[in-house]
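Examining the three-dimensional arrangement
If you want the building blocks of each chain, they are given just below.
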Amino acid sequence: MLPKIFDIAEEQGLTFNPRTLCHKEVYCKCPFCKEDTRPGKEKKFYLSLNTEDQVFRCWFCGERGGVLHFEAKLTGVSYEEVKEKRFGKLRKPIHAAERLSPSQLARAGWKGSKKKNKTVFKKNRDQILKSWLEYEFTEMVGLYAEFLVISALQDAERKHERHACLKKRCEKTSIQHCYNRLMAEYQESTGAKWATEGKRLAEMAWKACQLQQDTDLKEIVVYVPFFHYMWKVEREQKKVVTARQNNRLCQSLN
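Just so it is clear, the model here is predicted, and its values are computed rather than measured.

Focus: the pattern of salt bridges
Within the structure shown, the criterion is met by 16 salt bridges. The shortest N-O distance in the salt bridge between E98 and K114 comes to 3.3 Å. In this pair, E98 sits in the loop between helix 3 (79-87) and helix 4 (102-107) while K114 sits in helix 5 (residues 113-116), placing the two residues 16 residues apart along the sequence. Residue K114 is classed as partly exposed on the basis of its relative accessible area, which comes to 24%. A salt bridge links E146 to R162; its shortest N-O distance comes to 3.9 Å. Placement of E146 in helix 7 (residues 125-151) and of R162 in helix 8 (residues 156-171) is noted, with a sequence separation of 16 residues between them. One network of salt bridges, in which partners are shared, links E134, R235, E236 and K239.

If you want it as structure tokens, here you go:
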């Protein structure tokens, strides 16, 4: 049985709109975007909790999902850990694709696939997992490149501001512990492939600044998304070429 979303919110100390208590839809301050905690918004409550369907949605930042995803986001643990906490360990090992949260499936291009047709989902689990891992890898490459160039900024205020923005973007990727992984890699390199590729993009951004004689690195953060986009295009083109070569090889063998 699913836990009650109101109880989770109460345990985590969320601030409720007292007028909506005991209703089907309870409103509270959003702990994700915190937009309704800004000065002048004392009477605003953007996060909606549906106490019957056990789902949530912020009407400002768009963060949404079920109660297990809600608990995972609030506590900072993985969706799978919350699921295990609530329902215990499964005796049979399950496919890694089954562990993906609804938001992760959406990021991988398989939004709602698990609910629509479980048979089709089960049949495509390998491809679904592959899609998620590809999404995670390409996102981490771009984010790490941006992390590196931000860390190189001399203006402390600008650096702090850009890191805060990057951290918010990391939270929206559905990649577990995304920003912490970037920071850990920066502090002590593990040789992760996404870090190697990210470093290469960061170096390209630095060289672009040198060519433009941008000694203050004013445009360096702008260059990263451009080079990341070109990198993704090149990566997709290589996949197409490889697929064609494999098809030709298979045809020649037949």
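Quick look at the environment of T75
If you trace the backbone, T75 turns up in helix 2 (residues 67-75). For the pair T75 and Q12, spaced 63 residues apart in sequence, the C-alpha separation works out to 8.1 Å. A distance of 2.6 Å separates a polar side-chain atom of T75 from the backbone oxygen of E71.

Some words on the packing of helix 2 against helix 3
Helix 3 packs onto helix 2 with a crossing angle of 115° between their chain directions and a minimal axis gap of 9 Å. Here helix 2 and helix 3 pass one another in a crossing that is right-handed. Side by side, helix 2 and helix 3 meet where L68, H69, E71 and A72 of the first sit next to Y79, V82, K83, K85, R86 and F87 of the second. Partitioned by chemical class, the residues of the contact of helix 2 with helix 3 number 5 nonpolar, 1 polar and 4 charged.

Rules used throughout
- Residues numbered from 1 in each chain as written.
- Predicted model: local features only at pLDDT ≥ 70, side-chain atom pairs only at ≥ 80, totals over all residues.
- Heavy atoms only, no water.
- Salt bridge = Lys/Arg side-chain N within 4 Å of Asp/Glu carboxyl O.
- Helix = DSSP H or I, 4+ residues; strand = E, 2+ residues; numbered from the N terminus.
- Buried < 20%, exposed > 50% of the residue type's maximum accessible area, 1.4 Å probe, protein only.
- Polar contact = N/O pair within 3.5 Å; in protein donor to acceptor, adjacent residues only side chain to side chain.
- Axes fitted to C-alpha atoms, helices over the stretch in contact; angles between N-to-C directions.
- Left-handed = near helix turned anticlockwise from the far one by under 90°.
- Contact = heavy atoms within 4.5 Å.
- Nonpolar A, V, L, I, M, F, W, Y, C, P; charged D, E, K, R; others polar.

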